[in-house]
Amino acid sequence: MSQASSNLHVSTHPLVAHKITLLSDISTGIVQFRQLVAELTQLVIYEATTCLPTQPLEFTSPLEVATGQEVAGRIGLVPILRAGLGMVDKAADLLPFATVYHIGIYRDETTHQPVSYYNRLPEDLSDQTLFMIDPMLATAGSASATADFLKQRGATSIVFVGLIAAPEGVARMAEEHPDVPLYVARLDRELDENKYIRPGLGDAGDRLFGTMP
C-alpha cells in the first residue's frame, strides 16, 4: 500500500492495477465488468481490513490445543445505493459475519449535491467498524453525507472502500472526515465539468446494471 495523503490508501498490487485497467476500458462488457468489480472488491476489502482488531481464540488442531486469533467486535457493511450494491455481495463473502446496512443517495444532475432517498440504519452504531462501499469517489458528496449519517448514530470507526477516486473527492474527505481512511484501487487525474472522474470508467451504476443510455 502507498499513502498519497493523510487518509488515502491506493493499492500497489499488480493484480489490482491489471483488473482496474480492464474494468475502465470501454470495450469491457457487462458480464466481465461485474466479474471484475467482484474481484476488485475482495482485493481492496482485503487491504482495508488490516485495521480490524483481533483477540485470542483457542482451537484444537489434529495434534494439540493451541491459541490463534479471531476478529473482535462487530462489523457493518454500508453499500451506498445504487452502485454500491455491485460490491456488497463479494464484500460479504469475505466478511460473512458482517451486518449489511443500506443508504440510498443520488447525485442531483443540476446541483451535483447528494440527495438521500433511503436510510435503513439502527440508532446506535457505536460498537461497530463500518465499511462504506461505493465504486467511485468523485465529489465525495455521497461518501461525506453517509459518514455524517453514520456518525450521527454514534459511529467512531468508519472506512471507505472504493475502486476509483478523484483528487477532489479525496481532498473533501480529508477536510470533512479526516478520521475516515480511504482504500481504493486507483487514484485518477481529475473531475471534469460534469463531475465525472477522468479518465475514470464512466457511470459505474449504468455499467453494472446495464442501464447505459
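That block above? That's the structure.
Thresholds, definitions, all that
Residues numbered from 1 in each chain as written. Predicted model: local features only at pLDDT ≥ 70, side-chain atom pairs only at ≥ 80, totals over all residues. Heavy atoms only, no water. Helix = DSSP H or I, 4+ residues; strand = E, 2+ residues; numbered from the N terminus. Rg over C-alpha atoms; globule rule 2.2 N^0.38 Å. Buried < 20%, exposed > 50% of the residue type's maximum accessible area, 1.4 Å probe, protein only. Contact = heavy atoms within 4.5 Å. Core = buried A, V, L, I, M, F, W, Y, C linked by side-chain atoms within 4.5 Å. Arc of directions from axis to C-beta. Pairing = 2+ DSSP bridges. Axes fitted to C-alpha atoms, helices over the stretch in contact; angles between N-to-C directions. Parallel < 35°, antiparallel > 145°, perpendicular 65-115°, else oblique. Left-handed = near helix turned anticlockwise from the far one by under 90°. Nonpolar A, V, L, I, M, F, W, Y, C, P; charged D, E, K, R; others polar.

Please set out the overall build of the protein chain residue by residue, giving values where relevant.
The helix and strand inventory of the protein chain stands at 6 helices and 16 strands. In terms of C-alpha radius of gyration, the protein chain reaches 17 Å, essentially the compact-globule figure of 17 Å for 213 residues. Viewed in the frame of its principal axes, the protein chain has a C-alpha envelope of about 60 × 40 × 30 Å. Out of the 213 residues belonging to the protein chain, those deemed buried represent 46%. Here the contacts in the protein chain between residues at least 6 apart in sequence split such that 63% fall between residues at least 24 apart.

Any details on unusual backbone geometry? Residues and values, ideally.
Peptide bonds are trans in most cases, and residues, glycine excluded, mostly fall at negative phi. Residue leucine 81 is joined to arginine 82 through a cis peptide bond whose omega torsion reads 0°. Mapping arginine 82 onto the fold places it in the loop between β5 (74–81) and α3 (85–94). A cis geometry characterises the amide bond from arginine 198 onward to proline 199, with omega recorded as -5°. The backbone phi angle of alanine 140 is positive, close to 70°, even though this residue is not glycine. Mapping alanine 140 onto the fold places it in the loop between β10 (136–137) and α4 (141–152). Note on alanine 140: relative accessible area 4%, which makes it buried. Positive phi values are uncommon outside glycine, yet lysine 195 reaches one of about 65°. Among the secondary structure elements, lysine 195 is positioned in the loop between β15 (190–191) and β16 (197–198).

Tell me about the nonpolar core, residues and numbers included.
Considering soluble globular proteins, one finds that nonpolar side chains tend to be buried as a cluster. Leu23, Leu77, Phe131, Val161 and Leu163 are the most contacted members of the largest nonpolar core, which has 35 residues in total. Elements with a minimum of two residues in this core: α1 (14–24), α2 (30–48), β5, α3, β9 (128–133), β11 (157–161) and α6 (204–209). Examining the composition of this core, we find that 7 residues originate from one element, α2, more than from any other. Those residues within four positions of phenylalanine 131 in sequence are excluded, and the remaining contacts are Ala48, Thr49, Cys51, Leu52, Ile75, Gly76, Leu77, Val78, Val159 and Val161. Val10, Ile103, Leu150 and Leu182 belong to the second largest nonpolar core, which has 26 residues in total.

Which residues make up helix α5 (residues 167–176), and what values go with them?
Buried residues of α5: Gly169, Val170 and Met173, and no others. What you see down the axis of α5 is that its buried residues fit within an arc of 100°, all on one side.

How would you summarise the pairing of β11 if you had to cite specific residues and measurements?
Sheet faces and side chains relate simply in a regular strand, where the side chains alternate between the two faces. Counting buried positions over the 5 residues of β11 gives 4, a clear majority of the element. Two strands pair when backbone bridges link them, and β9 and β11 are joined in this way by 5 bridges, in the parallel orientation. When the sheet's bridge partners are listed, leucine 130 is paired in β11 with isoleucine 158. With 2 bridges connecting them, β11 and strand β13 (residues 182–184) associate as parallel partners. Bridging across to β13, phenylalanine 160 finds its partner in leucine 182.

Residues and numbers for the packing of α1 against α2, please.
Orientation of α1 relative to α2, taken along the N-to-C sense of each, is 150°, at an axis distance of 10 Å. Relative to α2, the element α1 is oriented roughly antiparallel. Helix-helix and strand crossings are classified by hand; for α1 and α2 the assignment is left-handed. Contact with α1, carried on its side by Leu15, Val16, Lys19, Ile20, Leu22 and Leu23, involves Gln32, Phe33, Leu36, Val37, Glu39, Leu40 and Leu43 of α2 and no other residues of that element. The residue inventory of the contact of α1 with α2, partitioned by class, reads 10 nonpolar, 1 polar and 2 charged.

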